[in-house]
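Chains, contacts and geometry: an overview
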Protein chains: 2
Amino acid sequence: MHQGQKSELTKEIILNKSFKLFYENGFKTTSVDKIMEATKLTKGAFYYHYKSKKELGLAVISLKVQRRVHEGMIAPLYKSGNAVEILESTFLDRIKSFPLYDKKHGCPMNNFINEIADYEAAYQLALRKIIDEWRAGLIALIERGKAENSIKESVSSKAVAIYLISAFEGIRGIRKLYDDDIILEEYIAGLSNYIEQIKK
Amino acid sequence: MHQGQKSELTKEIILNKSFKLFYENGFKTTSVDKIMEATKLTKGAFYYHYKSKKELGLAVISLKVQRRVHEGMIAPLYKSGNAVEILESTFLDRIKSFPLYDKKHGCPMNNFINEIADYEAAYQLALRKIIDEWRAGLIALIERGKAENSIKESVSSKAVAIYLISAFEGIRGIRKLYDDDIILEEYIAGLSNYIEQIKK
DNA sequence: TTAAAAAAATACCAAGTGGTATGTTTTTAA
DNA sequence: TTAAAAACATACCACTTGGTATTTTTTTAA
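What you see is a predicted model; the values in this text were computed from it and never measured.

**A short note on the overall build of chain A**
Counting secondary structure elements, chain A contains 10 helices and 0 strands. Summarising its shape, the C-alpha atoms of chain A cover approximately 60 × 40 × 30 Å along the three principal directions. When the 200 residues of chain A are sorted by exposure, 55% land in the buried category. Restricting the contact set of chain A to residue pairs at least 6 apart, pairs at least 24 apart contribute 70%. Here chain A carries 31 positive and 26 negative side-chain charges, and the mean point of each set is 5 Å from the other.

**Topic: the UniProt feature "domain: HTH tetR-type" (unreviewed entry) in chain A**
Here the UniProt-annotated "domain: HTH tetR-type" (unreviewed entry) positions come out as residues 8–68 of chain A. Along residues 8–68 of chain A, the helical share is 80% and the strand share 0%, with 20 Å between the first and last C-alpha atoms.

**Remarks on the relation of the copies chain A and chain B**
Mapping chain A onto chain B calls for a screw motion: a turn of 180° about the axis and a shift of 0.0 Å along it, with 0.0 Å RMSD after fitting. The transformation just described matches what one would write down for a two-fold rotation axis. Looking at chain A, 100% of its interface residues are interface residues in chain B too, so the copies touch through the same face.

**Some points on the layout of surface pockets**
Of the pockets and cavities examined, the largest pocket occupies roughly 200 Å³. Forming the walls of the largest pocket are 15 residues, and the residues nearest its centre are K104, R175, Y178 and D179 of chain A together with Q124 of chain B. The element best represented in the lining of the largest pocket is helix α6 (residues 100–105) of chain A, accounting for 5 residues. Of the residues belonging to the lining of the largest pocket, the class tally is 6 nonpolar, 2 polar and 7 charged.

**Considering the environment of L184 of chain A**
Residues and elements named next belong to chain A. Within the secondary structure layout, L184 lies in helix α10 (residues 182–198). Residue L184 is classed as buried on the basis of its relative accessible area, which comes to 7%. Here the alpha-carbon distance between L184 and K96, two residues 88 residues apart in the chain, equals 8.8 Å. Setting aside residues up to four positions removed in sequence, L184 forms contacts with I95, K103, I171 and R175.

**What about the interface of chain A and chain B?**
The interface is formed by 47 residues belonging to chain A together with 47 residues belonging to chain B. Our enumeration of links across chain A and chain B arrives at 4 salt bridges. The closest approach of N and O atoms between R135 of chain B and E186 of chain A, which form a salt bridge, is 2.7 Å. Connecting chain A to chain B are 18 residue pairs in polar contact (both at pLDDT 80 or more). Sorting the residues of the side of chain A that touches chain B by element identifies α1 (3–25), α6, α7 (108–116), α8 (121–147), α9 (157–174) and α10 of chain A as the ones contributing at least two each.

Thresholds applied
- Residues numbered from 1 in each chain as written.
- Chains lettered and ligands numbered in written order.
- Predicted model: local features only at pLDDT ≥ 70, side-chain atom pairs only at ≥ 80, totals over all residues.
- Heavy atoms only, no water.
- Helix = DSSP H or I, 4+ residues; strand = E, 2+ residues; numbered from the N terminus.
- Buried < 20%, exposed > 50% of the residue type's maximum accessible area, 1.4 Å probe, protein only.
- Contact = heavy atoms within 4.5 Å.
- Lys, Arg positive; Asp, Glu negative; His and termini not counted.
- Charge placed at Lys NZ, Arg CZ, Asp CG, Glu CD.
- UniProt positions renumbered as here; feature names shortened; annotations may be inferred.
- Least-squares fit on C-alpha atoms with pLDDT ≥ 70 in both.
- 1 Å grid on protein atoms, 1.4 Å probe; cavity = no way out; pocket = protein on both sides within 12 Å on 5 of 7 lines; lining within 4 Å.
- Points joined across faces, edges and corners; volume = space filled by probe spheres on them.
- Nonpolar A, V, L, I, M, F, W, Y, C, P; charged D, E, K, R; others polar.
- Salt bridge = Lys/Arg side-chain N within 4 Å of Asp/Glu carboxyl O.
- Polar contact = N/O pair within 3.5 Å; in protein donor to acceptor, adjacent residues only side chain to side chain.

Structure representation (structure tokens):
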């Protein structure tokens, strides 16, 4: 295998295993040893590719977590079509399609936020970028909805955007506490009513 | 000092310092050593009063976290008066009155939820009890609002209750990412509009 | 083919972890 | 006053942590 290719591949393997272990067990409690055990490589390989665990954490956030949120929650907002319908499908379809694994472990971004956002400024910044991008996408969509007459002009796009995000992230955490989907379905009902009410 | 009194006092000192350190630095990364350093006592004293760090964690959740949420968010729901006004004052007044310290470190309950809820069933249960109590209080208040004709009968109490809680917990995490209150004020606007819309 | 550079393995370190065993001091009840 | 029990201190343990120094293997370019 080519050198550059091999290097990139190894970095990606470490990145993927890290994301999985951070998601399942948290960032701080996942050691470099455990990660490298999962990759079937050794510590020497890790510190050849990453200069510290902190650098790895930042890479996981900006490359894995950001991508995941973007693909699942942000990119769909820019599709063509009725704004309200896009809002509904993005939020409702996604939350309904989560496998048990994702329900159990919550939102990777939210886990990071609540575990290490107040811990170091670098993590704070990397996570903030994701929220800012999401927020911007939602505001743009709501504005679009107003322009195309599917959303009330009286609503504040900024307020709705952050209220949608907050509730979504909140429920991803709360769902962890339960062994069934009852609480999730109540949230879905709440979300449906909320979207319904901003319609024109 | 009396024996029983002294014992209880020591347990409480450990409990208070633990809560503070868990809140500021997380549960897993706060060691028993650090806690006892803060209390000016030693490890021997800790393991005389608590059989493990896990037992301490559960005590902090049920005695400190639960009490805090109860006093700040649940007890006010049962006061007499207009249901909508109580909803507004409870949520809005509380979030507006948070000191910087609380904004920086988020919600103690939410931190616990996202750090260790999927880690052990005992923690999950202890935290679930808090959410269940909060949820029940909100549902009762909303039902009361319907009865006294201040809240629309068409809204689902369960759905509104969990949507309010989710958004509140969500924003407590997200606020950690920012150095100012802009995002918080947008949330407040969103919350105000949300409450406005369930009024009769 | 070969020397250099890249990639990965091995061995190690000081500091920190939850927890235990045992000792010392303080309080209690007689 | 005294012996026992409660409260706390001290010293230690095996294990894990992030990180480094050094060696071995693999790939590259000449």
